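Spelled out, the chains give:
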Amino acid sequence: MQIKLGTPAQTFQAIADTGSDLVWVQCKPCTRCYSQQGPIFSPSSSSSYAQLSCTSQQCQQLSTSSCGSSSTCQYVYQYGDQSGTKGDFSTETISLTTTGGSAQQVANFAFGCGHTNVGSFGGAGGLVGLGQGPVSLTSQLGSLIENRFSYCLVSFDDAPSKTSPLLFGSAASLPESGVKSTPILKQGSTYYYVGLRGISVGGQQLGISLAGGTIFDSGTTLTLLEDSAYSVVRSAFLSDISLPTADGSSAGLDLCFDVTGLSSYQVPTLSLHLTNSDLNPPAANYFVLADSNTLCLAMGSSSGLGLSIIGNIMQQNYHILYDRGSSTISFAPTQCDKL
């Protein structure tokens, strides 16, 4: 997503992530920065930039912080894949574009000015946390966006010219038919937990237990299940698909099939049984082509994370509304590039 910080505004492309809270961008001077598309944020070029003190309320809201030599707030933030960022926790004016095309400015927005950043982040200038914690974009904007936002992700293999709408406030609504909803189970947690009661493959409900909880996460690619549950789901697909298996490990995919020379093939249906509703995705949301001859399950094991994750491929071509006011996630199948 595009964000604008500073006075005058500096523009960045950043990763939108419902699985974290901190909003941060790479900042000059860099101790360690990765290569990003476009210029790095320059605090000295903005008249509205200010570092936060250790005693500020915003600094107290960080999960991990320390005090600099001048009593300024230093943050450290790490992600599940061991990438991370650290630097000065600061305030700045953030600018968002309204549906009418004008700029909506929010002063004193708390963000991370990252001087040491480990990972590649796809060349993005930083990351925008959309989680439920106090320092996220959605929490800081709060009533200004009516505590709600939605997005509709186009297919990951679509042309880059096709964009996925991300909407806040009154613009975030589901006009589509077939809307389903499920409650957000843990308010106050960073993560958007939902109740995943069971999984069916090919119309048969599987005998699985999911003890650790399940989250919707725009910042994780694959759908990841706790080890024991993934093993059962993997076995069900393996027994229901009469194609030779193939190796997809080079693409980071575990269960793959050889479709060389085939113009069409069928895979079993998948249903995720959520509290109060079922998510019945099309096959393109859980099977992907690793290459022209290799069809792979876009799921895997969460390998000791202690939770399951509904990732972004599973969410593509659904309009998904996060309504923190009513503590619900709603979704409807949508051709996202037409929205």
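Residues numbered from 1 in each chain as written. Predicted model: local features only at pLDDT ≥ 70, side-chain atom pairs only at ≥ 80, totals over all residues. Heavy atoms only, no water.

Asks: Is there a simple way to explain the overall build of the chain in this structure?
Replies: Helices and strands together make up the secondary structure of the chain, namely 4 helices and 27 strands. In terms of C-alpha radius of gyration, the chain reaches 21 Å, essentially the compact-globule figure of 20 Å for 339 residues. C-alpha atoms of the chain, sized along the principal axes, occupy 65 × 40 × 40 Å. Here the chain holds 339 residues, and the buried ones make up 52% of them. Sequence-distant contacts in the chain: of pairs separated by 6 or more residues, those separated by 24 or more amount to 67%. (Helix = DSSP H or I, 4+ residues; strand = E, 2+ residues; numbered from the N terminus. Rg over C-alpha atoms; globule rule 2.2 N^0.38 Å. Buried < 20%, exposed > 50% of the residue type's maximum accessible area, 1.4 Å probe, protein only. Contact = heavy atoms within 4.5 Å.)

Asks: How should I be thinking about the packing of aromatic side chains in this particular structure?
Replies: Any two aromatic rings considered together are summarised by their centre-to-centre distance and by the angle between their planes. Counted by the stated rule, this structure contains 20 aromatic pairs. Taken together, Trp24, Tyr34, Tyr77, Tyr79 and Phe121 form an aromatic cluster joined through their ring pairs. When the ring centre of Tyr193 is taken as reference, the NZ or CZ atom of Lys186 above it lies at 4.3 Å. (Phe/Tyr/Trp six-rings, centres within 6.5 Å; stacked < 30°, edge-to-face > 60°. Lys NZ or Arg CZ within 6 Å of the ring centre and 35° of its normal.)

Asks: Any chance you could explain the nonpolar core here in plain terms?
Replies: Taken as a class, soluble globular proteins show a tendency for nonpolar side chains to be buried jointly. Judged by nonpolar contacts, the single largest core of 60 residues is most densely connected at Phe41, Phe111, Leu137, Phe237 and Leu270. It is helix α3 (residues 227–240) that provides the largest number of residues to this core, a total of 5 residues. Residues contacting Phe111, with those up to four places away along its chain left out, are Leu5, Val23, Val25, Phe41, Tyr49, Asp88, Phe89, Ser90, Thr91 and Glu92. (Core = buried A, V, L, I, M, F, W, Y, C linked by side-chain atoms within 4.5 Å.)

Asks: Looking at this model, I keep getting lost on the confidence of the model for the chain. Mind explaining?
Replies: Model confidence for the chain is summarised by a mean pLDDT of 94, while 100% of its residues fall at 70 or above. Of all the helices and strands in the chain, strand β5 (residues 65–67) carries the lowest mean pLDDT, 82, while strand β3 (residues 23–26) carries the highest, 98. (pLDDT = per-residue confidence, 0-100.)

Asks: Looking at this structure, how should I read the pairing of strand β27 (residues 328–333)?
Replies: The side chains of a regular strand alternate between the sheet's two faces. Where strand β12 (residues 180–183) and β27 come together, 4 bridges link them in antiparallel fashion. Residue pairing in the sheet places Thr182 in a bridge with Ile329 of β27. Bridging between strand β26 (residues 318–323) and β27 involves 6 bridges; their strand directions are antiparallel. In the sheet register, Ile320 faces β27, and the bridge partner there is Phe331. Here β26 folds back onto β27 in antiparallel fashion, the turn holding 4 residues, of which Ser327 has a positive phi close to 55°. (Pairing = 2+ DSSP bridges.)

Asks: What should I look at first to understand the sheet that holds strand β10 (residues 148–152) in this one?
Replies: Within a sheet, each strand pairs with its neighbour through backbone hydrogen bonds, oriented either parallel or antiparallel. With antiparallel pairing, 5 strands are arranged side by side in an open sheet as β11-β10-β26-β27-β12. The open sheet is flanked by β11 (166–168) and β12, the only strands paired with a single partner. Sheet twist, expressed as the average angle between the axes of neighbouring strands with direction ignored, equals 15°. Relative to β26, β10 runs antiparallel, the two sharing 5 bridges. (Axes fitted to C-alpha atoms, helices over the stretch in contact; angles between N-to-C directions.)

Asks: Would you take a moment to explain a nonpolar patch on the surface for this structure?
Replies: On the surface, a nonpolar cluster with roughly 260 Å² of combined accessible area is contributed by Leu262, Tyr265 and Leu289. Along the chain, Tyr265 falls in the loop between β19 (256–258) and β20 (270–274). A residue is classified by how much of its surface remains accessible, and Tyr265, at 32% relative accessible area, is partly exposed. (Patch = residues over 30% accessible without salt bridge, like charges linked within 9 Å, V, L, I, M, F, W, Y side chains within 5 Å. Areas by Shrake-Rupley, 256 points an atom, 1.4 Å probe, with all protein chains shown as cover. Salt bridge = Lys/Arg side-chain N within 4 Å of Asp/Glu carboxyl O.)

Asks: Got a minute to help me understand the sheet that holds strand β14 (residues 196–201) in this structure?
Replies: Here 4 strands make up an open sheet; going across it, the order is β15-β14-β20-β21 and the pairing antiparallel. Edge positions in the open sheet fall to β15 (204–205) and β21 (277–279), since each of these has one partner strand only. Examined bridge by bridge, β14 and β20 share 5 bridges and lie antiparallel to one another. Its bridge partner being in β20, Ser200 is matched across the sheet by Ser271.

Asks: I would appreciate a short explanation of the state of the cysteines in the present structure.
Replies: Simply put, disulfide is the name for a covalent bond between the sulfur atoms of two cysteines. Within this structure, the stated rule accounts for 6 disulfides. With a sulfur-sulfur separation of 2.0 Å, Cys27 is cross-linked through a disulfide to Cys113. Torsion about the S-S bond of the Cys27 and Cys113 cystine: about -105°, corresponding to left-handed handedness. Of this pair, Cys27 sits in the loop between β3 and β4 (50–51) while Cys113 is found in strand β8 (residues 103–118), placing the two residues 86 residues apart along the sequence. Residue Cys27 shares its accessibility class with Cys113, and that shared class is buried. A sulfur-sulfur separation of 2.0 Å characterises the disulfide bridge that pairs Cys256 with Cys296. Taking the sign of the S-S torsion, 105° for the link of Cys256 and Cys296, the bridge is right-handed. (Disulfide = S-S within 2.5 Å.)

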